[in-house]
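# Structure at a glance
The lines below spell out each chain.
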Amino acid sequence: MLRRSLWLCFCLCSCPGRGLRIHEYLYFQVLSPGDIRYIFTATPAKDFGGVFNTRYDQIHLVPADPPEACGELNNGVFIQDQIALVERGGCSFLSKTRVIQEHGGRAVIIADNAYDNDSFYIEMIQDSTRRTADIPALFLLGRDGYMIRRSLEQHGLPWAVISIPVNVTSIPTYEMMQPPWTFW
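Residues numbered from 1 in each chain as written. Predicted model: local features only at pLDDT ≥ 70, side-chain atom pairs only at ≥ 80, totals over all residues. Heavy atoms only, no water.

The peptide bond linking S32 to P33 adopts the cis configuration, its omega dihedral lying at 5 degrees. Inspection of the secondary structure puts P33 in the loop between β1 (26-32) and β2 (39-44). For the bond from I164 to P165, the omega torsion is -15 degrees, close enough to zero to count as cis. Position of P165 among the secondary structure elements: in the segment after β7 (160-164). Backbone geometry at D81 places phi at a positive 65 degrees, although glycine is not the residue there. Counting through the fold element by element, D81 comes out in the loop between α2 (76-79) and β4 (83-87). One non-glycine residue with positive phi stands out, namely R130, at about 65 degrees. If you trace the backbone, R130 turns up in the loop between β5 (107-111) and β6 (137-140). (Helix = DSSP H or I, 4+ residues; strand = E, 2+ residues; numbered from the N terminus.)

Shown next as structure tokens:
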């Protein structure tokens, strides 16, 4: 699995015009708060959304309020020019992505609403509305999303600071900080 992930990341780094395709992984690192300073794995939407053409060394990961992001957001002003953390459920993946896009978000990370999911990636697909979205949409395991939100709540923080995407091929294996609750 790690060998495949490294190969995919190598292809993405050596062919930046290609962007990400389904079944590939994208990595991001939480920089703050420090108790979740790990590298997380996400998967891109299958048939909607944009690709990461820019690396963000420090950008806010803002949990949407309400978490499902199926309509107007109470904290939409904080989403503008940042990345939103959204919870699965209530409406389609595409609807959530469009809500974040309409609030000026640069991307959306949709965490599974099954908080104990630490290994099963959901394939995010287009709904039947023929709508589109231009920003990247990524799927995150439920346990990872839960742990990020829990840390923010414990520290009383409105957002995490992340780097995305992270090229894991440049990090020695012994230095790679992965969440202790997830096997790669």
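Next comes the rest of the write-up.
Attention now goes to the sheet that holds β6. Read once around its circumference, the closed barrel built from seven strands follows the order β1-β2-β6-β5-β4-β3-β7, with strand pairing classed as mixed. Here the average twist between neighbouring strands, direction ignored, is 35 degrees. Sitting on the sheet, helix α3 (residues 93-102) touches β4, β5 and β6, and the angle it makes with β5 is about 140 degrees. (Pairing = 2+ DSSP bridges. Axes fitted to C-alpha atoms, helices over the stretch in contact; angles between N-to-C directions. Contact = heavy atoms within 4.5 Å.)

Membership of the largest hydrophobic core comes to 25 residues, with the highest contact counts inside it found for F28, L61, I83, I109, I148 and I164. Going through the elements one at a time, β1, β2, β3 (56-63), β4, β5, β6, α4 (142-155) and β7 are the ones with two or more residues in this core. Setting aside its immediate chain neighbours within four residues, L61 contacts F28, I83, A84, L85, I109, I148, W159, A160 and I162. Judged by nonpolar contacts, the second largest core, of 21 residues, contains F48, A64, L73 and I110. (Core = buried A, V, L, I, M, F, W, Y, C linked by side-chain atoms within 4.5 Å. Buried < 20%, exposed > 50% of the residue type's maximum accessible area, 1.4 Å probe, protein only.)

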